[in-house]
Amino acid sequence: MNEARKTQHTLAMTIALISWAMLFATLFMGYAIYRSSANVWPPMGFARISLVLPTISTILILISSWFCYQMKLDINRGQVAPAQKNLNLTLALGFAFLVTQTLLWRNMNHSGVYVSSGIFASIMHAFTWIHAAHVLAALVFLVYLYFQFKRHAGNADALWMKTENGEKFWHFLGIIWILMYFILFVF
């Protein structure tokens, strides 16, 4: 891929990441305003959400980010087969992350934290749904990348930009989740 195309692809992903960062920053600011005005936390009538599933989700996304990083290193070294293996592990852990999110929503609903239960519940669901939608989009991109690996087997140069942008997007979602984990669930 020529340098002009690499620059265009990198710029497009950077603009997308900035846009998504602004979306999440807005959500975090809204949460901060709501949380700072609350006399008790969680609000009356709600139990604290268990840390078990959010912690498992955090571990899954961190490990998947490590495999995604390894995939990019393998591509940089021209090693497509190990990169494919690391992509597969990233995908598997990413789908496992979505399963834990589904279990978290079910757990929240069983605890009475429904979307319609008020601002606290709406915020918890909105954050996790919006993040999960972005994770799903990233997984669709990584599945596309999986097929690109099959198509360009042995040609690391053809895969470089796609893995570069996929890695940026995946790490961005990992960072957002870690912020969510600490801000929404731990503190």
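For the structure itself, consult the block above.
Since the structure is predicted, the reported quantities are computational estimates derived from the model, not experimental observations.

Procedures and definitions
Residues numbered from 1 in each chain as written. Predicted model: local features only at pLDDT ≥ 70, side-chain atom pairs only at ≥ 80, totals over all residues. Heavy atoms only, no water. Salt bridge = Lys/Arg side-chain N within 4 Å of Asp/Glu carboxyl O. Helix = DSSP H or I, 4+ residues; strand = E, 2+ residues; numbered from the N terminus. Polar contact = N/O pair within 3.5 Å; in protein donor to acceptor, adjacent residues only side chain to side chain. Contact = heavy atoms within 4.5 Å. Expected span 1.5 Å × (residues − 1). Buried < 20%, exposed > 50% of the residue type's maximum accessible area, 1.4 Å probe, protein only. Core = buried A, V, L, I, M, F, W, Y, C linked by side-chain atoms within 4.5 Å. Phe/Tyr/Trp six-rings, centres within 6.5 Å; stacked < 30°, edge-to-face > 60°.

### As for the pattern of salt bridges
Where charged atoms of side chains with opposite charge meet at close range, the side chains can pair.
Line of reasoning, step 1. One pass over the structure, following the stated rule, counts 3 salt bridges.
Line of reasoning, step 2. For Asp74, the salt bridge goes to Arg77, with nearest N and O atoms at 2.6 Å.
Line of reasoning, step 3. Overlapping salt bridges, with partners in common, bring together Lys72, Glu164 and Lys168 in one network.

### Considerations on unusual backbone geometry
As a rule of thumb, non-glycine residues mostly have phi less than zero, and peptide bonds are mostly trans rather than cis.
Line of reasoning, step 1. In this model, Trp41 is joined to Pro42 through a cis peptide bond whose omega is -10°.
Line of reasoning, step 2. Assignment of secondary structure puts Pro42 in the loop between helix 1 (3-37) and helix 2 (52-76).

### Re the side chain of Thr128
Line of reasoning, step 1. Position of Thr128 relative to the elements: it lies in helix 4 (residues 119-151).
Line of reasoning, step 2. A distance of 2.7 Å separates a polar atom in the side chain of Thr128 from a polar atom in the side chain of Trp105.
Line of reasoning, step 3. Residue contacts for Thr128: discarding those within four places in its chain leaves Gln101, Leu104, Trp105, Met108, Trp177, Met180 and Phe185.

### Some points on helix 1
Line of reasoning, step 1. Here helix 1 spans 50 Å end to end across 35 residues, near enough to the 51 Å set by a 1.5 Å rise per residue.
Line of reasoning, step 2. Of the positions making up helix 1, those classed as buried are Met13, Ala16, Leu17, Phe24, Phe28, Tyr31 and Tyr34.

### Regarding the nonpolar core
Line of reasoning, step 1. Counting residues in each nonpolar core, the largest one holds 48 residues, and the members touching the most others are Phe120, Phe149 and Met180.
Line of reasoning, step 2. Ignoring any residue separated from it by four or fewer positions in sequence, one finds Phe120 in contact with Tyr34, Trp41, Pro42, Pro43, Phe46, Ile49 and Val113.

### Let's talk about the environment of Ile75
Line of reasoning, step 1. With respect to the helices, strands and loops of the structure, Ile75 is situated in helix 2.
Line of reasoning, step 2. By relative accessible area, Ile75 is classed as buried at 3%.
Line of reasoning, step 3. Taking the C-alpha atoms as reference points, Ile75 and Ala156, separated by 81 residues in sequence, lie 5.5 Å from one another.
Line of reasoning, step 4. When near neighbours in sequence (up to four residues on either side) are disregarded, Ile75 contacts Val80, Ala83, Phe149, Ala156, Leu159, Trp160 and Thr163.

### Some remarks on the environment of Val143
Line of reasoning, step 1. Among the structural elements, Val143 can be located in helix 4.
Line of reasoning, step 2. Here the alpha-carbon distance between Val143 and Asn88, two residues 55 residues apart in the chain, equals 9.0 Å.
Line of reasoning, step 3. Once you skip the residues sitting within four places of it in the chain, Val143 turns out to touch Leu91 and Phe95.

### As for the packing of aromatic side chains
Line of reasoning, step 1. Applying the stated rule across the entire model yields 15 aromatic pairs.
Line of reasoning, step 2. Seen in terms of ring centroids, Phe97 and Trp177 are 5.2 Å apart; in terms of plane orientation they differ by 85°. Their pairing is edge-to-face. A residue pair is termed long-range when its members are at least 10 positions apart, and Phe97 in helix 3 (residues 80-110) and Trp177 in helix 5 (residues 156-186) qualify at 80 residues.
Line of reasoning, step 3. The class for Trp177 is buried, based on a relative accessible area of 0%.
Line of reasoning, step 4. One aromatic cluster in this structure is built from Phe28, Tyr31, Tyr34, Trp41, Phe46, Phe120 and Phe127.

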